[in-house]
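Breakdown of the fold
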Amino acid sequence: MHPFPMQAVLLLLLLLCVQAEHTAEHGWGKPRILPFGPLHLHPAAQVLHYGMCCFEGMKAYLGHDGRGRLFRPDMNFARLRRSAARIQLADFDTQELEECVKALLRLDRAWLPERAGHCMYIRPFMFSSDRALGVSPSKATTLSVILSPVGPYFKSGVDAVRLFLDTSNVRAWPGGVGQFKIGGNYAPTVTPQSAAKQRHDCSQVVYALPQGPDPNDALISECGAMNMVFVFRRFIASHAGVQAGSPGIEVVTPPLDGTILPGVTRDSILQLLKGRPDVLVSERPLTVGQLVEAHEAGLLLEVFGCGTA
């Protein structure tokens, strides 16, 4: 059996696609390079009825030396594998998938943007193409990767954006699938995000998980497709004090408790900050009330989101 995952279709949005077919009976065939084109789905494909899909988001960058680079791709492919396992899509070889993506990027090297702040966006995604009306483990899985040159995520570029703090709508909850990058986590956020834009002119929604009737007790979660990070002058709690010689700055982000997607950028930021003696890095719960208290006390220095890619 060929080690490449499922009915794997690697689609290059620009020119090419690589495709490998998987069946329960015969396993994997060898990936093939094909012209880019539409995916053909049976009307009873499980993905169309039960949302059995997951995806990733990652980027390739052009260095000052003219070489293209991926940023920690092993973490993205490992997360995709975990997401697929959660909804019982077929398993795959992460290293072989990485090599296939690199091969496609080499073939389309000319499309890698040279402009500062631009890059090649890479979107691997998987779904059940099993022709079965019924909620059951998939017997046919498709894996695809599309590429597209992109610029800044927001129209405003790197300028600050307005965020709406939502204590009514919930993105993820304990025992759910918030730590996986599956389609069902994203479609329900379209309405709250649209409402935040129309009513408050906000670019994204910061979700907070209620802990009872008081919205101040709600726990800060994620913001759209971003992990949230808060920078405080220590400490945010009125009863706490800074010990002599301890860092004067605390960087706080919600812990990976099953409701938070473990972002690759999030992990990278935390690892870099942990090397700084002047910063205390905390992965801990943060309530809306604590955030408001810190702001009113002048202790909230900065808030930023980092993409979950």
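1. Some points on the overall build of the protein chain
In terms of regular secondary structure, the protein chain is built from 6 helices and 17 strands. A buried classification covers 43% of the 309 residues belonging to the protein chain. Sequence separation of at least 24 residues holds for 67% of the intrachain contacts in the protein chain that already meet a minimum separation of 6. Of the accessible surface of the protein chain, which amounts to about 16,100 Å², a share of 56% is contributed by carbon and sulfur atoms.

2. As for the nonpolar core
Soluble globular proteins tend to bury their nonpolar side chains together. Cys54, Leu80, Leu97, Val101, Leu105, Ile122 and Met126 are the most contacted members of the largest nonpolar core, which totals 22 residues. Listing elements by their share of this core, those giving two or more residues are strand E7 (58–62), helix H2 (73–86), helix H3 (94–107), strand E9 (119–128) and strand E10 (141–150).

3. Some details on the pattern of salt bridges
Throughout the structure, instances matching the rule amount to 12 salt bridges. Between Asp201 and Lys197 there is a salt bridge; the shortest N-O distance is 3.2 Å. On the basis of relative accessibility, which here comes to 45%, the residue Asp201 falls in the partly exposed class. For Arg266, the salt bridge goes to Glu283, with nearest N and O atoms at 2.7 Å. Highlighted residues: Arg266 in helix H5 (residues 264–273) and Glu283 in strand E16 (residues 279–283), separated in sequence by 17 residues. Using a relative accessible area of 4% as the deciding quantity, one classes Arg266 as buried. Salt bridges here are not isolated pairs; linked through shared partners, they connect Glu98, Glu99 and Lys102.

4. Looking at the packing of aromatic side chains
All chains considered together, the criterion is met by 3 aromatic pairs. Geometrically, the ring pair formed by Phe230 and Phe232 is stacked, given 6.4 Å between the ring centres and 15 degrees between the ring planes. Residue Phe232 is classed as buried on the basis of its relative accessible area, which comes to 0%.

5. A few points about the pairing of strand E14 (residues 226–233)
Two faces belong to every sheet, and in a regular strand the side chains alternate between them. Taken across its 8 residues, E14 has 7 buried, putting it largely inside the fold. Examined bridge by bridge, strand E13 (residues 219–223) and E14 share 2 bridges and lie antiparallel to one another. Within E14, the position partnered with Glu222 by the bridge is Asn227. If you look at the hairpin formed by E13 and E14, you'll find 2 residues sitting between the two strands, and Gly224 has a positive phi there, around 55 degrees. With 7 bridges connecting them, E14 and strand E17 (residues 300–307) associate as antiparallel partners. In the strand pairing of E17, Asn227 is matched with Cys306.

6. Structural notes on the side chain of Asn185
Among the secondary structure elements, Asn185 is positioned in the loop between strand E11 (163–166) and helix H4 (190–200). A residue is classified by how much of its surface remains accessible, and Asn185, at 8% relative accessible area, is buried. Side-chain polar atoms of Asn185 contact the backbone oxygen of Val177, separated by 2.8 Å. If we skip the residues at most four places from it in the chain, Asn185 touches Arg171, Val177, Gly178 and Phe180.

7. Section: a nonpolar patch on the surface
Residues Tyr50, Leu133 and Val135 make up a contiguous nonpolar surface patch of about 340 Å² in total accessible area. For Val135, the location among the structural elements is in the loop between E9 and E10. A relative accessible area of 70% places Val135 in the exposed class.

8. Some words on H3
With 14 residues, H3 should reach 20 Å at 1.5 Å per residue; the first-to-last C-alpha distance of 20 Å fits that figure. Listed in full, the buried residues belonging to H3 are Glu96, Leu97, Glu98, Cys100, Val101, Leu104 and Leu105. Capping the start of H3, Asp93 holds a side-chain oxygen 3.0 Å from the backbone nitrogen of Gln95, two or three residues further along.

9. Section: the packing of H2 against H3
Following both chains from N to C, one finds H2 and H3 inclined at 125 degrees, their axes separated by 10 Å at the closest point. The angle between H2 and H3 falls in the class oblique. Seen from above, H2 lies across H3 with right-handed handedness. Across the interface between the two elements, Pro73, Asp74, Phe77, Ala78, Leu80 and Arg81 from H2 touch Thr94, Leu97, Glu98 and Val101 from H3. Of the residues contributing to the contact of H2 with H3, the split by class is 6 nonpolar, 1 polar and 3 charged.

10. Describing unusual backbone geometry
Of all residues except glycine, most have a negative phi; of all peptide bonds, most are trans. One non-glycine residue, Arg72, lies in positive phi territory at about 45 degrees. Position of Arg72 relative to the elements: it lies in the loop between strand E8 (68–70) and H2.

11. Quick look at the confidence of the model for the protein chain
Chain-level statistics for the protein chain give a pLDDT mean of 87 and a share of 85% at 70 or above. Scored below 50 in pLDDT, residues 1–12 makes 81 contacts in the model with residues more than four places away or belonging to other chains.

Definitions and limits used
Residues numbered from 1 in each chain as written. Predicted model: local features only at pLDDT ≥ 70, side-chain atom pairs only at ≥ 80, totals over all residues. Heavy atoms only, no water. Helix = DSSP H or I, 4+ residues; strand = E, 2+ residues; numbered from the N terminus. Buried < 20%, exposed > 50% of the residue type's maximum accessible area, 1.4 Å probe, protein only. Contact = heavy atoms within 4.5 Å. Areas by Shrake-Rupley, 256 points an atom, 1.4 Å probe, with all protein chains shown as cover. Core = buried A, V, L, I, M, F, W, Y, C linked by side-chain atoms within 4.5 Å. Salt bridge = Lys/Arg side-chain N within 4 Å of Asp/Glu carboxyl O. Phe/Tyr/Trp six-rings, centres within 6.5 Å; stacked < 30°, edge-to-face > 60°. Pairing = 2+ DSSP bridges. Polar contact = N/O pair within 3.5 Å; in protein donor to acceptor, adjacent residues only side chain to side chain. Patch = residues over 30% accessible without salt bridge, like charges linked within 9 Å, V, L, I, M, F, W, Y side chains within 5 Å. Expected span 1.5 Å × (residues − 1). Axes fitted to C-alpha atoms, helices over the stretch in contact; angles between N-to-C directions. Parallel < 35°, antiparallel > 145°, perpendicular 65-115°, else oblique. Left-handed = near helix turned anticlockwise from the far one by under 90°. Nonpolar A, V, L, I, M, F, W, Y, C, P; charged D, E, K, R; others polar. pLDDT = per-residue confidence, 0-100.

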